[in-house]
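Here is how the chains run, residue by residue.
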Amino acid sequence: MAKRTILAPVLILLGVYLILNQGGSLGPGTIFATFWPTLFVIPLGLFFHWLYFSMIGRGVGLLVPGGLLLTVGIVCQIAMLFNNWGTMWPGFILAVAVGLFELYWFGGRNKWLLIPINILTVISLLFFAVMSIGTMLSSLSFIQPFVAIVLIMGGAWIMVGRKKRM
């Protein structure tokens, strides 16, 4: 059972990597450099969660580093696979919110924890949106002259167009 639990995600990740990295080199150094979050950070986050849930609710403080490390590991793994660190960095802010949310959810439900959780989540999502839009617009830079022409024509049409009488 434990062998299948470990081997299945490793094989899936390796298969996804091979699909995404067609024609690239594949060796132990490349695998280690690409999958370090999956090899070290994510298992540590899962270990903290396992400690909390195996102790049946005691030690709620284990969930903060557990949620933080798990989220950071996922963010880093996505950034490593797609080489998009410039877009994924708000995930580090979200990681703190996830850790605090787990503390809120599984420990006493202190309503004051919702303030930093909501602030950090909104800031992270806002930065994700801004960085994603910036990345999409920079990748569509060949459309910029057409957009400029449309904007100029639209502005000119508004300026010289006939006014409707009511």
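Model, not experiment: these values are computed from the prediction.

About the criteria used
Residues numbered from 1 in each chain as written. Predicted model: local features only at pLDDT ≥ 70, side-chain atom pairs only at ≥ 80, totals over all residues. Heavy atoms only, no water. Helix = DSSP H or I, 4+ residues; strand = E, 2+ residues; numbered from the N terminus. Rg over C-alpha atoms; globule rule 2.2 N^0.38 Å. Buried < 20%, exposed > 50% of the residue type's maximum accessible area, 1.4 Å probe, protein only. Contact = heavy atoms within 4.5 Å. Areas by Shrake-Rupley, 256 points an atom, 1.4 Å probe, with all protein chains shown as cover. UniProt positions renumbered as here; feature names shortened; annotations may be inferred. Axes fitted to C-alpha atoms, helices over the stretch in contact; angles between N-to-C directions. Left-handed = near helix turned anticlockwise from the far one by under 90°. Nonpolar A, V, L, I, M, F, W, Y, C, P; charged D, E, K, R; others polar. Expected span 1.5 Å × (residues − 1). Phe/Tyr/Trp six-rings, centres within 6.5 Å; stacked < 30°, edge-to-face > 60°. Lys NZ or Arg CZ within 6 Å of the ring centre and 35° of its normal.

Caption draft 1: Highlighting the overall build of the protein. What the protein contains, in helices and strands, is eight helices and zero strands. Listed by position from the N terminus, the elements making up the protein come as α-α-α-α-α-α-α-α. Its C-alpha atoms give the protein a radius of gyration of 23 Å, more than 25% over the compact-globule value 15 Å for 166 residues. Reported as C-alpha extents along the three principal axes, the dimensions of the protein are approximately 75 × 50 × 20 Å. The 166 residues of the protein split such that 23% are buried. Put simply, of all contacts in the protein between residues at least 6 apart along the chain, 56% involve residues at least 24 apart. On the protein, roughly 11800 Å² of surface is accessible, and the fraction owed to carbon and sulfur atoms is 77%.

Caption draft 2: Representation of the UniProt feature "transmembrane region" (unreviewed entry) in the protein. The positions that UniProt labels "transmembrane region" (unreviewed entry) are, in the present scheme, residues 31-53, 60-82, 88-106, 113-136 and 142-160. The distance from the first to the last C-alpha atom of residues 31-53 is 31 Å, and the span holds 96% helix and 0% strand. The span residues 60-82 shows a helical share of 87% and a strand share of 0%, and its end C-alpha atoms are spaced 34 Å apart.

Caption draft 3: Spotlight on the environment of Arg58. With respect to the helices and strands, the residue Arg58 is situated in the loop between helix H3 (36-54) and helix H4 (63-82). A C-alpha to C-alpha distance of 14 Å links Arg58 and Tyr104, two positions 46 residues apart in sequence.

Caption draft 4: Highlighting the packing of H4 against helix H6 (residues 90-106). Viewed as axis vectors pointing N to C, H4 and H6 meet at an angle of 150 degrees, and their least axial separation amounts to 7 Å. Between H4 and H6 lies a crossing of right-handed hand. Each of Leu63, Val64, Gly67, Leu68, Thr71, Val72, Val75 and Cys76 in H4 lies in contact with H6, whose residues at this interface are Gly91, Phe92, Leu94, Ala95, Val96, Val98, Gly99, Glu102, Leu103 and Phe106. Along the lines of polarity and charge, the residues of the contact of H4 with H6 split into 13 nonpolar, four polar and one charged.

Caption draft 5: Examining the side chain of Thr71 more closely. Position of Thr71 relative to the elements: it lies in helix H4. Look at Thr71 and you get buried, because its relative accessible area is 13%.

Caption draft 6: How the structure looks around H6. Taking 1.5 Å per residue as the helical rise, H6 with its 17 residues ought to reach 24 Å, and the 25 Å between its terminal C-alpha atoms agrees with that figure. For H6, the full list of buried residues reads Pro90, Gly91, Ala95, Ala97, Gly99, Leu100, Glu102 and Tyr104. Tucked into the core, H6 has its buried residues touching H3, H4, helix H5 (85-88) and helix H7 (114-139). Directly beyond the C-terminal end of H6, a positive phi value near 35 degrees is found at Gly108.

Caption draft 7: Representation of the packing of aromatic side chains in the model. Going through the model one piece at a time under the given rule, you end up with nine aromatic pairs. Each ring, one from Phe101 and one from Tyr104, has its centre 6.1 Å from the other, and the planes form 40 degrees; the classification is tilted. Linking Phe101 with Tyr104, this pair stays in helix H6, spanning three residues, or about one helical turn. Accessibility expressed as a relative area gives 13% for Tyr104, which makes it buried. One aromatic cluster is present, built from ring pairs that chain together Phe47, Phe48 and Trp50. The ring centre of Trp105 lies 3.9 Å from the NZ or CZ of Arg109, which sits over that ring.

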